[in-house]
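So the chains spell out like this:
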Number of protein chains: 2
Amino acid sequence: MAPPHRQAGRVARFAGPFPPLRGSVALGVVAMAAVAAATRWRLLLVLSAAGLGVTGAPQPPNILLLLMDDMGWGDLGVYGEPSRETPNLDRMAAEGMLFPNFYTANPLCSPSRAALLTGRLPIRSGFYTTNGHARNAYTPQEIVGGIPDSELLLPELLKEAGYTSKIVGKWHLGHRPQFHPLKHGFDEWFGSPNCHFGPYDNKARPNIPVYRDWEMVGRFYEEFPINLKTGEANLTQIYLQEALDFIKRQQAAHRPFFLHWAIDATHAPVYASRPFLGTSQRGRYGDAVREIDDSVGKILHLLRDLSIAENTFVFFTSDNGAALISAPRQGGSNGPFLCGKQTTFEGGMREPAIAWWPGHIPASQVSHQLGSIMDLFTTSLSLAGLEPPRDRAIDGLDLLPTMLQGRLTDRPVFYYRGNTLMAVTRGQYKAHFWTWTNSWEEFRQGVDFCPGQNVSGVTTHSQEEHTKLPLVFHLGRDPGERFPLSIASTEYLDALRQITPVVRQHQEALVPGQPQLNVCNRAVMADSQQLHHRGSPSVLFCCREIMATQSKSAHEGAARRACAEAGQLSLGHRGRHL
Amino acid sequence: MAPPHRQAGRVARFAGPFPPLRGSVALGVVAMAAVAAATRWRLLLVLSAAGLGVTGAPQPPNILLLLMDDMGWGDLGVYGEPSRETPNLDRMAAEGMLFPNFYTANPLCSPSRAALLTGRLPIRSGFYTTNGHARNAYTPQEIVGGIPDSELLLPELLKEAGYTSKIVGKWHLGHRPQFHPLKHGFDEWFGSPNCHFGPYDNKARPNIPVYRDWEMVGRFYEEFPINLKTGEANLTQIYLQEALDFIKRQQAAHRPFFLHWAIDATHAPVYASRPFLGTSQRGRYGDAVREIDDSVGKILHLLRDLSIAENTFVFFTSDNGAALISAPRQGGSNGPFLCGKQTTFEGGMREPAIAWWPGHIPASQVSHQLGSIMDLFTTSLSLAGLEPPRDRAIDGLDLLPTMLQGRLTDRPVFYYRGNTLMAVTRGQYKAHFWTWTNSWEEFRQGVDFCPGQNVSGVTTHSQEEHTKLPLVFHLGRDPGERFPLSIASTEYLDALRQITPVVRQHQEALVPGQPQLNVCNRAVMADSQQLHHRGSPSVLFCCREIMATQSKSAHEGAARRACAEAGQLSLGHRGRHL
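Residues numbered from 1 in each chain as written. Chains lettered and ligands numbered in written order. Predicted model: local features only at pLDDT ≥ 70, side-chain atom pairs only at ≥ 80, totals over all residues. Heavy atoms only, no water.

A closer look at the overall build of chain A
Rules: Segments assigned H or I by DSSP are reported as helices when at least four residues long, segments assigned E as strands when at least two residues long, and all are numbered from the N terminus. Here the term buried applies to any residue with accessible area under 20% of the maximum for its type, exposed to any over 50%, and partly exposed to those in between, with areas from a 1.4 Å probe on protein chains only. In what follows, a contact means two residues having at least one pair of non-hydrogen atoms within 4.5 Å. We get accessible surface area from the Shrake-Rupley algorithm with a probe of 1.4 Å; when it comes to residues, only the shown protein chains can shield them.
When helices and strands are tallied, chain A shows 15 helices and 19 strands. Counting across all 578 residues of chain A, residues that qualify as buried make up 64%. Long-range contacts, defined here as pairs at least 24 residues apart, represent 73% of the contacts in chain A between residues at least 6 apart. Accessible surface, chain A as shown: approximately 19100 Å² in total, 55% of it carbon and sulfur.

So, in structure tokens, the structure goes:
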């Protein structure tokens, strides 16, 4: 761990991370944030039924959300991965409920994580960009946006039911001070605000920091080494220990807990600790999966050991589809589905998903409910005896009736890129209103979101509009989106008749949030090639915007310093990997 | 069922099926065939260890081989099919051993079935054509070839250990009299010699016959209706009853049995009985799979009910990969693998495979042994306490050490099309010496073996030779064969160093059998378009060859009559579906 003076000194040179707050200052901020959240929530509670955890009834179940990074639908044995190297996750499925039709809310990391914690589509929470049409955006080191204070995050709401919340791993909802997870309801954090790209030039562009709560405790590639050559890193073991320690502490204190285990070993550059390196049939990516599988096994084992398994709801899923641009050595598998991360084909947004709650969810169940990562928000509130906020649109569904009684609820799945509604699924039918993989320019440079796949008129490299005559697929017969229905068929007309009113209703009611990921074009995937060029138009655009700001707050000062540096950055990071 | 006089009368008009032999004549032939086989086998037994079933030791286990038709690796829930509609097969896997790396011996039906029953590559048994390079061939109605008498088939050998054998369903090893399954060791047959294509013109080209033992009991689309419009057919239920009845009779007689359940509902035109029609999320193909799954459940249930489960070895697999040319309505899924039936990519030859033998094979096992459909021959002999013939090359491996003790044996997988060795896998490495999907001409007409898939330089439409510099894939990291190893890499050289000696050894020792599928070019897939034209060159070639034969045997006479008719055929069958 870095000595305090070193950390403090380095933060001043760093564009956008949280300043290291300590001791009473930090506590004061925590307390204030908690009061603000409680006040907001109390108002809502007046309107809602009193929750289980609020009324002194038996302690509500613990909630453990295991969120993977860039892991694909096809990466687990139970989902058909041929090497079948995930015995613990397969067992988790055998003891719980498997969701083959579970979706993220966006094919990219930051927006999908925002969706999980807010229960809302990124278009509502502002986790998108309007810089370009159908552009994906996230929060790389350079961006100054993040989760707005106006959003109510799951841990913030769970406080009302007495939960203690911790996030382990990747936050990705903004790295400037106002976005710190402990300002948004988490009580503890061990992890980093950004991806573990690097290593970066120490002076011009520092490595990504790692935090314990308010305190920066080191940086990737420094205090937390990642060996890009061998793939060795001890991070999953550290994240595992953080999870186990937190669970033990909460159990000892008899406090209900929410643990958000958002680890990143399967995101390029993929890594594993020494005992797992070289053990997979699938190469380094498989080593990372094996270590994660082993860790999940240890976590579930601890829950049983502590006799709290029957009082702990566990859900496993991933933030977006496998990053096929990193395949085969650093990317996973989307099974039989089309394309991967960054696309709104099934490979980009359908996720592995397993619910586990012994004694409550019957074993060996498969539910064909169309599920969403946003449902984890609403379901968690329901577990805590709380109702979702009523002052805003919530897209998440309470999955408890599905998991406990096998109920199926008709609901659509919306597939967005940026602020563009690309596709909608209802029942077995999926209608594409826009098709796009990536630009010809990127594709010609070797960036391929769909390697080995080519569906004529579907996996397009120009943005093709189909709003007048959508491309429709039957996902039961054709999960790989290879055979569009004939527009002359009765089935096509019937499918559209089901989907059209849902889309109209959605679009009429939609109030997009203020776009948070617009500030700096560096966040825009399609421009990722520009990141390699110092002084690019996008970097200059970003700096102009920041420099034009008149505010004299500490945050703005940090942003100005960051921007002043941006003009001199030596950008060595791999812009393709988000 | 058709009255006898009608059957007898119609056979004379039919090109190539077995004549209906009855009563003592039939019995005489059976007896003679059995004696001949026994004599051959007794000689071999002198050289081999005395088998379990031969020596009066406890009754050897029953053997039940469930062989699917065109079912793909990705069609079962346990292999990741998203609709997960195979609870019985998934349970069978949970109670037994799953093989994710199991292969057929040829990407087409007849040769793969010959390989199962002989334990030998089709290139050895003669189940190939030399009419063209890398051409697939099978036994459509017009062909006069079939399984040579010189081949020793599994049921023929199992007789030595006291087994009674039955084949239910599709034979496909030749339909002329000398190829009848009861002449090759089976004691009973219910099914047909060919595919259930049709309906055909009753006069010029009759529908495919259905046999009970020596007797023709009707024809597809007539006594055994298949409704192409609704997809309704009762055949799987009939095949199920045949299996259940046979098992009950053998159990009552305390006879060890071999049941080869070779059903064809998943081969286009796919069908299901009324209770299953419209029940699948996957459409008609899924209905067929659901009925098969239900039937397998009933068969395993009967074994348990009769208390013979622990004395019955059951193996489930398929003859070749899913026929993607029939997808999505009439074809299945090859999961994450490349292309399908007729190709030597993984989608064409990797098969679902489950071994089940309660009390012997431990439950919930996965074996990464490279397995082959030919292993079922050797393994079955081993179960019966017999050794494979020593006077010929046998390609099948005894999988009992794998299934009972978890042993892994290093062995290559050879991928042939016709007499061309297209590819070889050893360990995780697969080297392609030739790549080809189908011809440009076919492809331009809409025949696509790899819909939605396109790996540049790999899924080629011209036959590309790579014998000097093979394309090499690591199947663990890249099961979809999308990323060939760099020929400049050490890994590439190491992989070739492992594969090259195996190929050399194989080719040096190889003695190809007399090609059986040459007689009539109609058997050649790449010429399938010609089948629609009466008097095509291939039909004329076939007839010239037959007419030039001087023999006056009854067989030749039948062939001459068939050929005389061939010139006047009105060919209505769908040449694309084999």
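Back to the text.
Focus: unusual backbone geometry
The general pattern is negative phi for most residues beyond glycine and trans for most peptide bonds. Residues and elements named next belong to chain B. Omega for the bond connecting G198 with P199 falls within 30 degrees of zero, at -10°, which places this linkage in the cis form. In this structure, P199 sits in the loop between β5 (188-192) and β6 (209-212). Cis geometry is adopted by the peptide bond preceding P328, which originates at A327 and carries an omega value of 5°. One can find P328 in the loop between β9 (312-318) and α9 (346-349).

A look at the pattern of salt bridges
Under the convention used in this document: Salt bridge, as applied in this entry: a Lys or Arg side-chain nitrogen positioned within 4 Å of an Asp or Glu carboxyl oxygen.
What the rule picks out here adds up to 52 salt bridges over all chains. The partner of R390(A) in a salt bridge is E387(A), and the shortest N-O contact between them spans 2.6 Å. Between D494(B) and R497(B) there is a salt bridge; the shortest N-O distance is 3.0 Å. Highlighted residues: D494(B) and R497(B), both in helix α13 (residues 490-509), separated by 3 residues, approximately one helical turn.

Things to note about the layout of surface pockets
Rules: In this analysis the probe radius is 1.4 Å and the grid spacing 1 Å, with only protein atoms considered; a cavity is a set of points the probe fits into but cannot get out of, a pocket is an open set with protein on both sides within 12 Å along at least five of seven lines, and lining residues have an atom within 4 Å of a point. Grid points are joined across faces, edges and corners, and a volume is the space filled by probe spheres set on the points. Residue polarity follows a fixed list, in which Ala, Val, Leu, Ile, Met, Phe, Trp, Tyr, Cys and Pro are nonpolar, Asp, Glu, Lys and Arg are charged, and the others, Gly among them, are polar.
Computed from the structure, the largest pocket encloses a volume of approximately 860 Å³. Mapped by element, the contributors of at least two residues to the lining of the largest pocket are α3 (87-95) and β12 (365-366) of chain A together with α3 (87-95) and β12 (365-366) of chain B. Approximately 510 Å³ is the volume found for the second largest pocket. In terms of lining, the second largest pocket is formed by 22 residues, of which the most central are R124(A), I394(A), D395(A), F414(A) and H506(A). Contributions of two or more residues to the lining of the second largest pocket are made by β14 (413-417) and α13 (490-509) of chain A. Per-element tally for the lining of the second largest pocket: the top contributor is α13(A), with 4 residues. Along the lines of polarity and charge, the residues of the lining of the second largest pocket split into 12 nonpolar, 5 polar and 5 charged.

Let's talk about the interface of chain B and chain A
Applied cut-off: When two parts are brought into contact, each loses some accessible area as probed by a 1.4 Å sphere; the total of that loss over both is the buried area. For the purposes of these results, a polar contact is taken to be a pair of N or O atoms within 3.5 Å, where, inside protein, one atom must be able to donate a hydrogen and its partner to accept one; residues adjacent in sequence count only when each atom of the pair is a side-chain atom.
Contacts between the two partners involve 37 residues from chain B, matched on the other side by 37 residues from chain A. Looking only at chain B, the three residues that lose the most surface to chain A are P82(B), R84(B) and R477(B), adding up to 21% of its buried area. A salt bridge links R329(B) to E491(A), with the nearest nitrogen and oxygen atoms 2.9 Å apart. For the pair chain B and chain A, the interface holds 14 residue pairs in polar contact (both at pLDDT 80 or more).

Notes on the UniProt feature "domain: Sulfatase N-terminal" (unreviewed entry) in chain A
Spelled out, the test is: UniProt positions are given in the numbering used here, feature names are shortened, and annotations may be inferred rather than shown by experiment.
Taking the numbering used here, the UniProt-annotated feature "domain: Sulfatase N-terminal" (unreviewed entry) corresponds to residues 61-385 of chain A. End C-alpha atoms of residues 61-385 of chain A are separated by 10 Å, and the span's content is 25% helix alongside 17% strand.

Remarks on the relation of the copies chain B and chain A
Put simply, the rule reads: Least-squares superposition of the copies uses the C-alpha atoms of those residues scoring a pLDDT of at least 70 in each of them.
For the pair chain B and chain A, the best superposition has an RMSD of 0.0 Å and corresponds to a rotation of 180° with a translation of 0.0 Å parallel to the axis. When the rotation and shift are considered jointly, the pair of chain copies conforms to a two-fold rotation axis. Interface residue correspondence from chain B to chain A reaches 100%, placing this contact among same-surface, isologous pairings.

Section: the environment of V424(A)
All names here are of chain A. Locating V424 in the fold gives a position in strand β15 (residues 420-426). By relative accessible area, V424 is classed as buried at 0%. Along the backbone, V424 and T500 are 76 residues apart, and their C-alpha atoms lie at a distance of 9.3 Å. Apart from residues no more than four positions distant in its own chain, V424 is found in contact with P412, V413, F414, Y415, Y429, K430, A431, F433, I499 and V503.

Notes on the packing of aromatic side chains
Note the following rule: Only the six-membered ring of Trp is used, alongside the rings of Phe and Tyr, when aromatic pairs are assigned; centres must lie within 6.5 Å, and planes under 30 degrees apart are stacked while those over 60 apart are edge-to-face, with the rest tilted. By the criterion adopted, a ring carries a charge over it if an Arg CZ or a Lys NZ lies within 6 Å of its centre and within 35 degrees of its normal.
Following the criterion strictly, the structure yields 30 aromatic pairs over all chains and no others. Relative to Y415(B), the ring of Y103(B) has its centre 5.6 Å away and its plane inclined at 75°; by these criteria the two rings are edge-to-face. Taken together, the residues span a long stretch of sequence, with Y103(B) in strand β3 (residues 102-103) and Y415(B) in strand β14 (residues 413-417) at a distance of 312 residues. Accessibility classification places Y103(B) together with Y415(B) in one group, the buried group. Ring pairs connect the aromatic residues F99(A), F102(A), F313(A), F315(A) and W357(A), which therefore count as one cluster. Its guanidinium or amino end placed over the ring of Y200(A), R205(A) lies 4.4 Å from that ring's centre, counting from NZ or CZ.

Notes on the sheet that holds strand β7 (residues 215-219) of chain A
Residues and elements named next belong to chain A. Which entries qualify depends on this criterion: Strands are labelled as partners when DSSP assigns at least two bridges between them. Axis angles are defined between N-to-C directions and span 0 to 180 degrees, where every axis is a line fitted to C-alpha atoms and, for a helix, only to the segment in contact.
Pairing within the open sheet is mixed, and its 10 strands lie in the order β7-β6-β5-β4-β8-β1-β9-β11-β2-β12. The open sheet is flanked by β7 and β12, the only strands paired with a single partner. By the bridge criterion, 5 bridges tie strand β1 (residues 62-68) to strand β8 (residues 257-262) in an arrangement that is parallel. What sits directly across from L64, in β8, is L259. Sheet strands in contact with α3 are β1, β2 (97-98), β9 (312-318) and β11 (354-356), and its direction is about 65° off that of β11.

Let's talk about the sheet that holds β3(B)
Residue and element names in this part refer to chain B. Taken together, 3 strands build an open sheet; the order of strands is β10-β3-β13 and the sheet is mixed. Where the open sheet ends on each side, the last strands, each with one partner, are β10 (350-351) and β13 (371-372). Note that β3 and β10 share 2 bridges and pair antiparallel. Residue F102 lies in a different strand from β10, and its bridge partner there is E351.

Notes on the packing of helix α7 (residues 235-253) of chain A against helix α8 (residues 284-305) of chain A
Between two packed helices, the angle of one axis relative to the other and the distance separating the axes together describe the packing. All names here are of chain A. This is how it is decided: To sort the angles, those under 35 degrees are grouped as roughly parallel, those over 145 as roughly antiparallel, those from 65 to 115 as roughly perpendicular, and the leftovers as oblique.
For the pair α7 and α8, the least separation of the axes is 10 Å and the interaxial angle reads 10°. Viewed along their axes, α7 and α8 adopt a mutual orientation that is roughly parallel. For the pair formed by α7 and α8, the contact residues are T236, Q237, L240, A243, L244, I247 and K248 on the first element and E291, I292, S295, K298, I299, L302 and L303 on the second. A breakdown of the residues in the contact of α7 with α8 according to their chemical character gives 8 nonpolar, 3 polar and 3 charged.

A closer look at α3(A)
Among all positions of α3(A), only N88(A), L89(A), D90(A), M92(A) and A93(A) are buried. Contacts from the buried residues of α3(A) go to β1, β2, α8, β9 and β11 of chain A.

Considerations on the state of the cysteines
Test applied: Pairs of cysteine sulfur atoms within 2.5 Å are identified as disulfides in what follows.
This structure, assessed with the given rule, holds 2 disulfides over all chains. The partner cysteine of C339(A) in its disulfide is C450(A), sulfur to sulfur 2.1 Å. Handedness of the C339(A)-C450(A) disulfide follows from its S-S torsion of about 100°: it is right-handed. You can see C339(A) sitting in the loop between β9 and α9 (346-349) and its partner C450(A) sitting in the loop between α12 (440-444) and β18 (464-465), a full 111 residues away along the chain. Considering cysteine sulfurs only, C109(B) is the nearest to C195(B), which forms no disulfide, with 4.9 Å between them. Residue class for C195(B) comes out buried when judged on its relative accessible area of 3%.

Here we look at the packing of α3(B) against helix α8 (residues 284-305) of chain B
Residues and elements named next belong to chain B. Put simply, α3 and α8 touch, their axes get as near as 7 Å, and they point 45° apart. With respect to each other, α3 and α8 are oriented oblique. Counting all contacts with α3, which are made through P87, N88, L89, M92 and E95, the residues of α8 involved are D293, D294, V296, G297, L300 and R304.

Quick look at the confidence of the model for chain A
Residues and elements named next belong to chain A. Convention followed: The score called pLDDT rates the predictor's confidence residue by residue, from a low of 0 to a high of 100.
The predicted model of chain A has a mean per-residue pLDDT of 86, with 80% of residues at 70 or higher. Of the regions scoring below 50 in pLDDT, residues 1-17 engages in 45 contacts with residues more than four places distant in sequence or in other chains. Segment residues 521-539: pLDDT under 50, and 56 contacts once partners within four positions in sequence are set aside and those in other chains are kept.

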